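# Close look at the chain arrangement
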Amino acid sequence: MLKKGDLLTTHIEEINNLGCGIGHAEDGRVIFVKGAVTGDTAEVEIIKVNKSFLVGRLCRVITPSEHRAKEDFCSVPLSCGGCVYRHITYSHELELKRAYVENAFRKAGLPSVAVAPVLSPSGEKGYRNKGQYPVCLFKGRIRAGFFASKSHNIVPAEGCSLQNENFEAIVSFVCAFAEKEAWTVYDELNGHGLLRHIYLRIGEKTGEIMLCLVINGENIPASEKFVNEIRERFPAVVGILLSINKKNTNVVLGDRFVTLFGKDYIEDILCSLRFKISADSFYQINRDGAEVLYGEAARKASLRGDEVLMDLYCGTGTIGLSVAKKTKKLVGIEIVESAVECARENAKRNGVKNAEFYCADASDRETILKYAGGVRPDAVIIDPPRKGTTKELAECLASLSVPKIVYVSCDPDTLARDCVYFSELGYHIGEVQPVDMFPRTGHVESVVCLTRRLDN
């Protein structure tokens, strides 16, 4: 009988999207081993025993897999949990992500749906244009880092291989300044302490950086000195903000911002358009990846220039605006009013005059007809949150016999589930194109075109 603390040798047969290698114990139970790679033979210590599965800690790789990376991807400790694929080759990661999408459709009962090889838009490192670093006291020093997987324990590490290369020096300086000026650090357990997070955004094409300190208070000690030293050391910083968050919550940003210096936003260029990015507005983490993803969406939409295109779940309008010039009219619908306001401003800033944005529920038939000008839209783009779209929206679009729906997804499982809805409602599912927006993590974006079958 296997028990906690026992050692066993196992062959790793596959790896899941959480970065756990999967093998079998001698009694037939599945064992999950973080850090193990498909093809490894490994010595494993059992750390959790369940009736149907085991969890093991990797003690020693006896025979390494051909897919195991030859060198460490990141200097941040493994306990960070961010780069679940840090220990495998990138080519194998892309194979795994394609298989993940294929398996999602197979499990949903759509095994015949074709899945293209994963597009990899940019390098594996430095692609994140936004960083949120929780702050802690570590061995008496103020440090920033990342939350360990499935916890709120902070792993101290100012650097991160996924973050923009400019962030590390700024984070290190803020920690040193806070320590020198005796700032207190927020403690989640008792709700006391000032500095909660260091939050950074960068416009990769403009080079503009926003520095925002999330604080449990109204101001920071030595604020003028802090601003002057940041400006002197980091001239790319165009705005320094405070985010006031006095609530005992896991939400990072507060509801109120105070500008200490410069602008309360940065700008970036995406798909040849210039976008304003405020501290709390949505913008794709991987700018280069977004250009590839939006390009694929435009290609699958095959717009001729005379169509009415609706962009549902439009957010700040980035996808729709990137293809607006290929349409007669673009109509964006979004439930969040602040995002709609940003979308309208983005259209104005870029001289896009054929775009209209409305705050409404996209799943209502009458709403869609109303804002489309009383006519059926010729094409629809949907980019829902991770939970996917709703049966109500699928039924709404089908009842209008929308000829073409381009579905952009951040979760293969909910995409496959929703494609079942659309298939049952008379839509043909085209080839799915995965895009690796988040290298070294278990996430993958996908885009697929759904076309109305002629027999419906």
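Use the structure listed above.
Everything in this summary refers to the structure shown in the same document. (Residues numbered from 1 in each chain as written. Predicted model: local features only at pLDDT ≥ 70, side-chain atom pairs only at ≥ 80, totals over all residues. Heavy atoms only, no water.)

## With respect to the overall build of the protein chain
What counts, and what does not: For helices the rule is a DSSP run of H or I covering at least 4 residues; for strands it is a run of E covering at least 2, with both sets numbered from the N terminus onward. Each radius of gyration is computed over the set of C-alpha atoms, and the globule rule expresses the reference value as 2.2 Å times the number of residues to the power 0.38. Categorising residues by exposure relies on relative accessible area from a 1.4 Å probe, with only protein chains included: less than 20% of the type maximum marks a residue as buried, more than 50% marks it as exposed, and the intermediate range marks it as partly exposed. Here a residue-residue contact requires only that any non-hydrogen atoms of the pair lie within 4.5 Å. Surface accessibility follows the Shrake-Rupley procedure with a 1.4 Å probe radius. Residue values consider only the protein chains on display as shielding.
Secondary structure summary: the protein chain contains nine helices and 23 strands in total. Computed over the C-alpha atoms, the radius of gyration of the protein chain is 24 Å, within 12% of the 23 Å expected from 2.2 N^0.38 for a compact globule of 456 residues. Its C-alpha atoms give the protein chain principal-axis dimensions of roughly 65 × 65 × 35 Å. The burial tally for the protein chain puts 54% of its 456 residues in the buried class. Long-range contacts, defined here as pairs at least 24 residues apart, represent 62% of the contacts in the protein chain between residues at least 6 apart. Carbon and sulfur atoms make up 50% of the accessible area of the protein chain, which totals about 20300 Å².

## Some points on the layout of surface pockets
The line we're drawing: Only protein atoms enter the calculation, which uses a 1 Å grid: trapped sets of points that fit a 1.4 Å probe without letting it out are cavities, open sets showing protein on both sides within 12 Å along at least five of seven lines are pockets, and any residue with an atom within 4 Å of a point is a lining residue. Grid points are joined across faces, edges and corners, and a volume is the space filled by probe spheres set on the points. Throughout this entry, Asp, Glu, Lys and Arg are counted as charged residues, while Ala, Val, Leu, Ile, Met, Phe, Trp, Tyr, Cys and Pro are counted as nonpolar. The remaining residues, Gly among them, count as polar.
Looking at the second largest pocket, its volume works out to about 370 Å³. Along the walls of the second largest pocket sit 18 residues, with Val135, Ile154, Tyr186, Asp187 and Glu188 positioned nearest its centre. Counting residues per element, the ones that place at least two in the lining of the second largest pocket are strand S7 (130–138) and strand S10 (195–202). The dominant element in the lining of the second largest pocket, judged by the number of residues it contributes, is S7, at four residues. Here the residues of the lining of the second largest pocket are counted per class, giving 10 nonpolar, five polar and three charged.

## Some details on unusual backbone geometry
Even without being glycine, alanine 182 reaches a positive phi, approximately 60°. In this structure, alanine 182 sits in the loop between helix H2 (167–180) and S10. For alanine 182, a relative accessible area of 59% translates into the label exposed. A positive phi is found at cysteine 271, a non-glycine position, where the angle reads about 55°. Looking at where cysteine 271 falls in the secondary structure, it is placed in the loop between strand S14 (265–270) and strand S15 (273–278). The exposure class of cysteine 271 is partly exposed, given its relative accessible area of 22%.

## Concerning empty space enclosed by the protein
With the rule as written, the count across this model stands at two cavities of 30 Å³ or more. Estimated volume of the largest cavity: approximately 50 Å³. Forming the walls of the largest cavity are Phe275, Lys276, Ile277, Ser281, Phe282, Tyr283, Thr316, Thr318, Cys342 and Asn346. Put simply, the parts of the chain that give the lining of the largest cavity at least two residues each are S15 and helix H6 (337–349). Ranked by residue count, the leading element in the lining of the largest cavity is S15, at three residues. Its residues assigned to classes, the lining of the largest cavity shows five nonpolar, four polar and one charged. Together, Lys34, Gly35, Leu78, Gly81, Gly82, Cys83, Val84 and His87 line the second largest cavity. When grouped by side-chain class, the residues that make up the lining of the second largest cavity number three nonpolar, four polar and one charged.

## Some points on helix H1 (residues 90–107)
The test is simple: Expected span of a helix: the number of residues minus one, times 1.5 Å.
Along its 18 residues, H1 runs 25 Å from first to last C-alpha, staying within 8% of the 26 Å computed at 1.5 Å per residue. Among the residues of H1, those classed as buried are Tyr90, His92, Glu93, Leu94, Leu96, Lys97, Tyr100, Val101, Ala104 and Phe105. Each element contacted by the buried residues of H1 is listed here: strand S2 (14–15), helix H9 (412–424), strand S22 (433–435) and strand S23 (445–452). Of the residues flanking the end of H1, it is glycine 109, one or two places downstream, whose phi is positive at about 90°.

## Observations concerning the sheet that holds strand S1 (residues 7–11)
What counts here: Two strands qualify as a pair provided DSSP detects at least 2 bridges between them.
In space, the six strands of this open sheet follow the order S1-S5-S6-S4-S3-S2, with mixed pairing throughout. Strands at the two margins of the open sheet, each flanked by one partner only, are S1 and S2. In this sheet, strand S4 (residues 30–34) lies alongside strand S3 (residues 20–24) in antiparallel orientation, the contact comprising five bridges. The residue bridging glycine 23 from the neighbouring strand is isoleucine 31, located in S4.

## Here we look at the packing of aromatic side chains
To keep it simple, the criterion reads: Centre distance within 6.5 Å is the pairing criterion for rings of Phe, Tyr and Trp, where only the six-membered ring of Trp is used; planes under 30 degrees apart are then read as stacked, over 60 as edge-to-face, and the remainder as tilted.
What the rule picks out here adds up to nine aromatic pairs. Between phenylalanine 32 and phenylalanine 53, the ring centres sit 5.9 Å apart and the planes meet at 75°, which makes this aromatic pair edge-to-face. Residue phenylalanine 32 is located in strand S4, and its partner phenylalanine 53 is located in strand S6 (residues 53–63); the two are separated by 21 residues in the primary sequence. Its relative accessible area of 24% is what places phenylalanine 53 among the partly exposed residues. With a centroid separation of 5.6 Å and an interplanar angle of 70°, the aromatic rings of phenylalanine 177 and tryptophan 183 are classed as edge-to-face. In this structure tryptophan 183 comes out as buried when scored by relative accessible area, which is 4%.

## Overview of the packing of H1 against H9
Short version of the rule: An axis is simply a line fitted to the C-alpha atoms; with a helix, the fit covers only the stretch in contact. Between two such axes, the angle follows the N-to-C directions and lies from 0 to 180 degrees. It is the rotation of the near helix from the far one that decides the hand of a crossing: anticlockwise by less than a right angle makes it left-handed, clockwise makes it right-handed.
One can describe the packing of H1 onto H9 by two numbers: an axis separation of 8 Å at closest approach and a directional angle of 35°. Between H1 and H9 lies a crossing of right-handed hand. The residues of H9 that touch H1, namely those facing Tyr100, Val101, Ala104, Phe105 and Lys107, are Pro412, Asp413, Leu415, Ala416 and Cys419. Class assignment of the residues belonging to the contact of H1 with H9 gives a composition of eight nonpolar, no polar and two charged.

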